[in-house]
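Breakdown of the fold
Listed below, chain by chain, are the residues.
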Amino acid sequence: MVVQWRGRGRGAGAVALGLVAGLTAGCSGPGTVAADERSAARHLALVQRTADVLVRSGSSRARTSLETANGGTRVTIRGSGGFDYGARLGRLRVVLPADAAGEAGHRPVTEVLAPGELYLKNRGAGVPSDKWVRIHTAALADGNLVTGGATDPLAAAELLRGARRVTYVGEARAEGDGALVRHYRGTADIRRAAEKAAHVRGALLAAARGFRARSVPFDVFLDERGRLRKVRHRFTLSQVPGGGGELQVVSTTVLYGFGARVDVELPPERDIYSGAVAVTGA
């Protein structure tokens, strides 16, 4: 846009320059704002449908980590395994750290995740090593988002349905294969996610009741097909039993090897432990 002007001295020039600036802002401003709004809406929609894309992907391998911080104490639990998203079945080998007394690390815990249920083997606490403990996830105060030491990838993706604000951070490289991924950052509301969930609604409803803060900050990395490659959630749990302040938990899930064969079988009924087991939730 060209604006011709005539005048004398600095005053006329200043007025003309101000007019040019005002006209330029008036011409491009609304269009730029509208484009930004459309872009933000696309980013939000892409993140919110992550769970649907994950189910269509069929299966994958997974690595998980769960870091808790209470005061000056930090503990990290790591897991690895595979998930069949169509059947909503998964199996993880979860490694617990050595305890605060410095003793050797605990035996790895085997976890089988199924619709509405969590099965644990080598849980300890008086449970025979050849028996499984069965827990109904909707009965847990956190819906098993963190109680089992890992967040079910499908639940992690469903939680993104509750995203309210999403910012595109930029491009990055996926862990492992180095694939190009897009990094988004935002905040999800657990109750909103539960209302919109298609696969783990009961667990998310329990979490909405049990978590002190329903707003969950997240960072998520999606590949060019919209598949979840990495997600990090930051949870705030209710006050720790026995005293202390809030418990901060950072849950990270990394997915790779999409389409990999994943065979998961539920433990037979005869191998389910029938004794009383203390269950701790959020």
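A brief look at the structure comes next. (Residues numbered from 1 in each chain as written. Predicted model: local features only at pLDDT ≥ 70, side-chain atom pairs only at ≥ 80, totals over all residues. Heavy atoms only, no water.)

**Things to note about the packing of aromatic side chains**
Rule in force here: Note on aromatic pairs: the rings of Phe, Tyr and Trp (six-membered ring only in Trp) are paired at centre separations within 6.5 Å, and the planes decide the class, stacked below 30 degrees, edge-to-face beyond 60, tilted for the rest. Exposure classes here rest on a 1.4 Å probe applied to the protein chains alone. A residue is buried below 20% of its type maximum, exposed above 50%, and partly exposed in between. Secondary structure follows DSSP: runs of H or I at least 4 residues long count as helices, runs of E at least 2 residues long count as strands, and numbering of each begins at the N terminus.
Counted according to the given criterion, the structure contains 2 aromatic pairs. Aromatic side chains Phe 83 and Tyr 85 sit 6.2 Å apart centroid to centroid with 5 degrees between the ring planes, which places their arrangement in the stacked category. Across the pair, Tyr 85 and Phe 83 agree in class, each one buried. Note on Tyr 168 and Tyr 184: the rings are 5.4 Å apart at their centroids and 50 degrees apart in plane angle, and the pair reads as tilted. Here Tyr 184 lies in strand S8 (residues 180-189) and Tyr 168 lies in strand S7 (residues 163-173), a separation of 16 residues in the sequence.

**A short note on the pairing of strand S1 (residues 59-70)**
Stated formally: The rule for pairing is simple: two strands pair if DSSP sees at least two bridges between them.
With 12 bridges connecting them, S1 and strand S2 (residues 73-84) associate as antiparallel partners. Paired with Ser 65 across the bridge in S2 is Arg 78. Inspection of the sheet shows S1 paired to strand S11 (residues 247-256) by 9 bridges, in the antiparallel sense. Looking at the pairing, Arg 61 lines up with Tyr 256 of S11.

**Remarks on the nonpolar core**
Put simply, the rule reads: In these notes, a set of buried Ala, Val, Leu, Ile, Met, Phe, Trp, Tyr and Cys residues joined through side-chain atoms within 4.5 Å is what counts as a nonpolar core. For this analysis, residues touch if any pair of their heavy atoms sits within 4.5 Å.
One finds Val 47, Leu 145, Leu 204, Phe 218, Val 220 and Phe 235 to be the most contacted residues of the largest nonpolar core, which totals 52 residues. The contacts of Phe 235, once residues within four sequence positions are left out, are Leu 145, Val 146, Thr 151, Leu 159, Phe 211, Val 216, Leu 247, Gln 248, Val 249 and Ser 251. Residues Leu 89, Val 112, Val 262 and Val 264 belong to the second largest nonpolar core, which totals 8 residues.

**Describing the environment of Thr 68**
Tracing the backbone through its elements, the reader meets Thr 68 in strand S1. Distance from Thr 68 to Leu 247, taken between C-alpha atoms, is 6.9 Å for residues 179 residues apart in sequence.

**Observations concerning the side chain of Thr 64**
Along the chain, Thr 64 turns up in strand S1. A relative accessible area of 6% means that Thr 64 is categorised as buried.

**Some remarks on the side chain of Asp 152**
Here is the rule we go by: Residues adjacent in sequence count toward polar contacts only when both atoms are side-chain atoms; beyond that, a polar contact is any pair of N or O atoms within 3.5 Å, and within protein one must be able to donate a hydrogen and the other to accept it.
Within the fold, Asp 152 resides in the loop between strand S6 (132-136) and helix H3 (153-159). Of the polar contacts made by the side chain of Asp 152, one reaches the backbone nitrogen of Leu 154; its length is 2.9 Å. The residues contacting Asp 152, other than those within four sequence positions of it, are Phe 83 and Leu 113.

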